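# Descriptive structure summary
Chain residues, written in single-letter form:
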Amino acid sequence: MKYQQAIITGASSGFGAAYARRLAAACERLVLVARRGEILNELAAELKTDYPGLEVQVKVCDLSAPEARCGLIAELKSQLLSGKTLLINNAGLGDYGELASATAVRNAAMMQVNMLALVELCHAIAPLLKAQGGAIINIASLAADLPIPDFAIYAASKAFVASFSEALRIELHASGVPVLAVCPGPVHTEFGQVARRSGCSDGAAPFKKWFYSTIPTVVDGSLRALERGKARFYPSLKIRMAGLLVRNMPLPVLRFIMGMRPRKVTATHPES
Ligand SMILES: NC(=O)c1ccc[n+]([C@@H]2O[C@H](COP(=O)([O-])OP(=O)(O)OC[C@H]3O[C@@H](n4cnc5c(N)ncnc54)[C@H](OP(=O)(O)O)[C@@H]3O)[C@@H](O)[C@H]2O)c1
């Protein structure tokens, strides 16, 4: 696996930071995107110390803001090197709780970051990938297969990512550009803390703890899956089987099971 450059969104924590550390040895240049510039700069300094020949660009960008995304895309188009490029659309956020008490701002941010930013970046970079080679990794979720009460927009946004990635993969196949959708179950990152509303009970399904994976399992496994030309990556057999089961379950049965799921005690998100 050798790329001239990799663009990683959501590189300031969780999977994104781990992708940056893994890819530092395999790229000449990394472009790290997120809102928290200080953390990105610290990561860039660490990577440049560990890999002296590596160029690291930090792009501080709020991917929920359309103008900021336009600016990012214009910069990327003017500054990208020619050569094989890996685009990792990883930035994402959730919001635990019922729709009725959610905030419009939070709902919009989730849809902008999880779907629009991902599509716009694929759209902007696809011509370069077709001309010079490369690949796309889109971070979906096991939630892509499930309509989840109290997580409705998030799960639907990940269903969008999975479906979009499958179609884009077919479009780019003839150009030799693989597209991988990564579908993790729960993983300990900052994700849960960001998604939790203050005063909101956890309300997690009792079996959730059985499905946890680790960051390296997701990141290393997905990079191997990309190399092997896979369309989807589930980080464990349990997650793969859960996805398979849900996709093949009659809808009335799925509705019944999801209706039995413990509900979260609702509260408005602190950012309201
Ligand atoms: N952890 C899980 O259980 C799990 C399971 C399945 C799928 N996923 C998916 O995995 C991906 C990575 O999540 P993670 O678990 O690593 O969570 P995380 O630690 O919370 O990381 C999320 C990343 O997204 C960035 N981000 C969020 N909002 C942004 C915005 N408006 N503009 C720019 N960047 C933004 C954050 O950076 P800043 O805050 O610095 O902007 C951060 O770097 C997400 O797409 C998530 O949906 C996670």
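One can find the structure itself at the top, above this paragraph.
Below or above, wherever it landed, is the structure these notes cover. Because the structure is a prediction, the values reported are computed rather than measured.

## Quick word on the nonpolar core
Within soluble globular proteins, side chains that are nonpolar generally end up buried alongside one another. Among the nonpolar cores identified, the biggest contains 71 residues, and I8, A20, L30, L32 and V33 are the most heavily contacted of them. For this core, the element with the most residues is helix α4 (residues 104–132), which contributes eight residues. With residues near it in sequence (within four places) discarded, A20 still touches I8, A11, L30, L32, L43 and L47.

## Section: the pairing of strand β1 (residues 3–9)
Most of β1 sits inside the fold, with six of its seven residues counted as buried. When β1 meets strand β2 (residues 27–34), the two strands line up parallel, connected through six bridges. Bridging across to β2, Q5 finds its partner in R29. As for the winding sense of the linkage, the β-α-β connection from β1 through helix α1 (residues 14–23) to β2 is right-handed.

## Quick notes on the environment of D145
When you line up the elements, D145 lands in the loop between β5 (134–139) and α5 (152–173). When the 23 C-beta atoms within 10 Å are taken as the criterion, D145 is described as buried. Taking the C-alpha atoms as reference points, D145 and P216, 71 residues apart in sequence, are found 23 Å from one another. Aside from chain neighbours lying at most four places away, what touches D145 is G243, V246 and R247.

Definitions and cut-offs
- Residues numbered from 1 in each chain as written.
- Predicted model: local features only at pLDDT ≥ 70, side-chain atom pairs only at ≥ 80, totals over all residues.
- Core = buried A, V, L, I, M, F, W, Y, C linked by C-beta atoms within 7 Å.
- Buried ≥ 20, exposed ≤ 12 C-beta atoms within 10 Å, placed from the backbone.
- Helix = DSSP H or I, 4+ residues; strand = E, 2+ residues; numbered from the N terminus.
- Contact = placed C-beta atoms within 7 Å.
- Pairing = 2+ DSSP bridges.
- Right-handed = clockwise from strand over helix to strand, strands pointing away.

Without other data, these values stay purely geometric and don't point to any function.
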